[in-house]
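Okay, here's what each chain looks like letter by letter:
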Amino acid sequence: MLKGHFESAGASIEYGAADCLFPVDELDAIVLQHRDAQIALDNADGSDVVVVAPTSLATSYALTQHTLTAIPVESLSTAVRTQVADALATSVDGFELIQIGKWNTDSQNHSLAEFKSA
């Protein structure tokens with residue numbers, strides 16, 4: 001599984017400038033979360049994704065605790081698209097998705113027995 005689009009994102013928007021996207025459950029847009037978001041992001045090229053980036057330790061924590069969310073740019077209202085474009089200083093029309101939250105990654109399971117001898 002991919003690490004996410006944080007390294008390959010086409011653009012990023014700072015957490016504070018993305019306030020028009022929060023709370024996501026109140027957006028008048030298609031909001032994909034959990035597995036649906038992961039599938040959408042797996043199928044998207046990183047250059048077509050805008051990620052919401054942390055600006056401090058507190059916002060980093062908030063984003064890592066946030067449910068993985070993918071929002072198709074075309075489903076956003078004109079007002080929200082304009083706010084996002086203003087924060088990016090470029091058009092959002094060239095992007096497919098906005099990613100919010102932590103990307104789920106596979107990690108190796110460790111047995112507690114492994115640490116017994118340490």
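All values derive from a computational prediction rather than experimental measurement. Position numbers for residues count from 1 along each chain, tracking the sequence in the order it is written. Only residues with pLDDT of at least 70 are given local features in this predicted model, and only at 80 or more are side-chain atom pairs given and counted; all residues enter the totals for whole chains, interfaces and linings. To obtain the side-chain values, all non-hydrogen atoms of the structure were used and water was disregarded.

A. The arrangement of the overall build of the protein chain in detail. The way it works is that DSSP assigns letters per residue, a run of H or I at least four long becomes a helix, a run of E at least two long becomes a strand, and they are numbered from the N terminus. When helices and strands are counted, the protein chain shows four helices and five strands. Taken from N to C terminus, the helices and strands of the protein chain fall in the order β-β-α-β-α-β-α-β-α. Here the term buried applies to any residue with accessible area under 20% of the maximum for its type, exposed to any over 50%, and partly exposed to those in between, with areas from a 1.4 Å probe on protein chains only. Across the 118 residues of the protein chain, 36% fall into the buried class. Within the protein chain, residue pairs in contact and separated by at least 24 positions form 87% of the contacts whose partners lie at least 6 positions apart. By the convention used here, residues are in contact when the closest approach between their heavy atoms is within 4.5 Å.

B. Spotlight on the pattern of salt bridges. What counts as a salt bridge is simple: a side-chain nitrogen of Lys or Arg found within 4 Å of a carboxyl oxygen of Asp or Glu. All chains considered together, the criterion is met by one salt bridge. Between aspartate 93 and arginine 81 there is a salt bridge whose closest N-O contact spans 2.2 Å. Taken together, the positions of aspartate 93 in the loop between helix H3 (78-88) and strand E5 (97-100) and arginine 81 in helix H3 put the pair 12 residues apart, joining distant regions of the chain. Judged by its relative accessible area of 56%, aspartate 93 is exposed.

C. Region of interest: the environment of isoleucine 98. Position of isoleucine 98 relative to the elements: it lies in strand E5. Apart from the residues lying within four places of it in its own chain, the contact partners of isoleucine 98 are Leu21, Val50, Val52, Thr69, Ala70, Ile71, Val73, Leu76 and Val84.

D. Molecular detail of the sheet that holds E5. Strands pair, by our definition, only if DSSP identifies at least two bridges between them. Spatial strand order, E1-E3-E5-E4-E2: five strands in an open sheet with mixed pairing. Single-partner strands in this sheet number two, and they are strand E1 (11-14) and strand E2 (32-33). With respect to the sheet, H3 is in contact with E1, strand E3 (49-53) and E5, its orientation differing from that of E1 by roughly 100°. To obtain each axis, a line is fitted to C-alpha atoms, and for helices this fit is confined to the stretch in contact; angles are then taken between N-to-C directions over 0 to 180 degrees.

E. The pairing of E5, seen in detail. Alternating positions in E5 separate into two faces, Leu97 and Gln99 on one and Ile98 and Ile100 on the other, with burial throughout. Note: strand E4 (residues 69-72) against E5, four bridges, orientation antiparallel. Bridge pairing links alanine 70 to glutamine 99 in E5.

F. Up close: the packing of aromatic side chains. Between rings of Phe, Tyr and Trp, where Trp is taken as its six-membered ring, a pair exists when centres lie within 6.5 Å; planes separated by under 30 degrees are stacked, by over 60 edge-to-face, and by other angles tilted. Scanning the entire structure with this criterion turns up one aromatic pair. Ring geometry for tyrosine 15 and phenylalanine 22: centres 5.3 Å apart, planes at 45°, overall tilted. Phenylalanine 22 gets classed as partly exposed once you look at its relative accessible area, which sits at 23%.

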